[in-house]
Amino acid sequence: MVELKTDTSIDAMHEAGRVVGRALTAAREAADVGVSLLELDEAARAVLRETGASSPFLGYRPSFAPVPFPAVICASVNDAIVHGIPTTYRLRDGDLVSVDCGAELGGWVGDSAISFTVGEPRPADLRLIGTAERALTAGIAAAVVGNRVGDIAHAIGTVCREAGYGIPQGFGGHGIGRRMHEDPGVPNEGRPGRGFRLRHGMAIAIEPMLIGGGRDGYHEAPDGWTLRTDDGSRAAHVEHTIAVMDAGPRILTERDPVN
Ligand code: MG
Ligand code: MG
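Now for a description of the structure that goes with this document. Quick caveat: nothing in here was measured; it's all calculated off a predicted structure.

1. Overview of the coordination of the magnesium ion (ligand 1)
- Protein-derived ligands of the magnesium ion (ligand 1) are Asp100 (OD), Asp100 (OD), Asp111 (OD) and Glu239 (OE), with the metal-ligand distances lying across 2.1 to 2.5 Å.
- If you list the donors of the magnesium ion (ligand 1) from N- to C-terminus, the spacing comes out as D-x10-D-x127-E.
- Separating the magnesium ion (ligand 1) from the magnesium ion (ligand 2) is a gap of 3.2 Å, which Asp111 spans by donating to each of them. One end of the pair, Asp100, is in strand S3 (residues 96–105); the other, Glu239, is in the loop between strand S11 (235–237) and strand S12 (240–244), with 139 residues separating them in the sequence.

2. Details of the coordination of the magnesium ion (ligand 2)
- The magnesium ion (ligand 2) binds to the protein through Asp111 (OD), His174 (NE2), Glu207 (OE) and Glu239 (OE), with metal-donor distances spanning 2.1 to 2.2 Å.
- Coordination of the magnesium ion (ligand 2) draws on donor residues from a single chain, spaced D-x62-H-x32-E-x31-E in sequence.
- We classify Glu207 as buried; its relative accessible area is 6%.

3. A short note on the layout of surface pockets
- Computed from the structure, the largest pocket encloses a volume of approximately 520 Å³.
- If you go around the largest pocket, you meet 31 residues; those closest to its centre are His83, Phe171, Gly172, His181 and Glu207.
- Those elements that provide at least two residues to the lining of the largest pocket are strand S5 (173–175) and strand S6 (182–186).
- Partitioned by chemical class, the residues of the lining of the largest pocket number 15 nonpolar, eleven polar and five charged.
- Taken together, 13 residues line the second largest pocket, and the ones lying closest to its centre are Leu37, Ala75, Val77, Thr87 and Arg228.
- For the lining of the second largest pocket, the element with the highest residue contribution is strand S1 (residues 73–77), accounting for three residues.
- The residue makeup of the lining of the second largest pocket, split by class, is six nonpolar, five polar and two charged.

What counts, and where the lines are drawn
The numbering scheme is per chain: residues are counted from 1 as the chain's sequence reads. Think of it this way: whatever chain is written first is A, whatever ligand is written first is 1, and the rest follow in order. Where totals are concerned, whole chains, interfaces and linings use all residues; where local detail is concerned, this predicted model gives features only for residues with pLDDT of at least 70, and gives and counts side-chain atom pairs only at 80 or more. Note: side-chain values were computed over all heavy atoms of the structure, leaving out hydrogens and water. Each metal's donors are the N, O and S atoms found within 2.8 Å of it, except that Na, K and Ca use a 3.2 Å limit; water is left out, so coordination can look incomplete. A run of H or I in DSSP counts as a helix once it spans at least four residues, and a run of E counts as a strand once it spans at least two, with each numbered from the N terminus. Burial classes: relative accessible area under 20% of the type maximum marks a residue as buried, over 50% as exposed, and values in between as partly exposed (1.4 Å probe, protein chains only). Using a grid of 1 Å spacing that covers the protein atoms alone, one calls a set of points a cavity when a 1.4 Å probe fits there but cannot get out, and a pocket when the set is open and has protein on both sides within 12 Å along at least five of seven lines; lining residues are those with an atom within 4 Å of a point. Grid points are joined across faces, edges and corners, and a volume is the space filled by probe spheres set on the points. Any residue outside Ala, Val, Leu, Ile, Met, Phe, Trp, Tyr, Cys, Pro, Asp, Glu, Lys and Arg is labelled polar, Gly included; the first ten of those are nonpolar and the last four are charged.

As structure tokens, this is what we get:
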């Protein structure tokens, strides 16, 4: 069931979303060659603590997971697409990192992700990340009242495919509100004009995931959480929580630009 939020509730979600934006910025600012993924998690935890927010990731255990998620961020490096568990792994020159973070504040949840490089970037990684961001922008632009979920999916998928990238099937965006994952599902590829009709007050997370090698294959790592590309190529993942509103899509997890 899709729950429509009041404008007051969307304002409250925006507060949760701002915390997510700050936590992602903190994790990104902490990231450097030699820094461990656990240190990125600690940087995000500090923001949640300061703001009085809790983590919808920490202890999260969906049916597929062998253990509850142990951190407040997912940190997915290079061929890891999403759901990477922060470990003692220390970032190396040229790594591509995707950080996904959530926050719960006042009973409302925000969910957002960024991808970036550490040290000297590979040009191919910059193109991959840039395309992921363009796909996210296109998906958000399609999230207008009267459109359907398939229009968002089509907008995302078109940007990814035209650039020659793969899309992992079976994972994508979602409704969001009091819980992190609500109806409807928002796939990263689809047919325009199909699916749930968008209405004022819907809150959704839009999250393109791109595979650099161009094929869609992926598999679960032995930790039972991390999804990796089958071909070993690198992946990017970016996400915003947005509200569909009569005035147009409103991003609830915006963050300060980082150089
Ligand atoms: Mg997320
Ligand atoms: Mg999400």
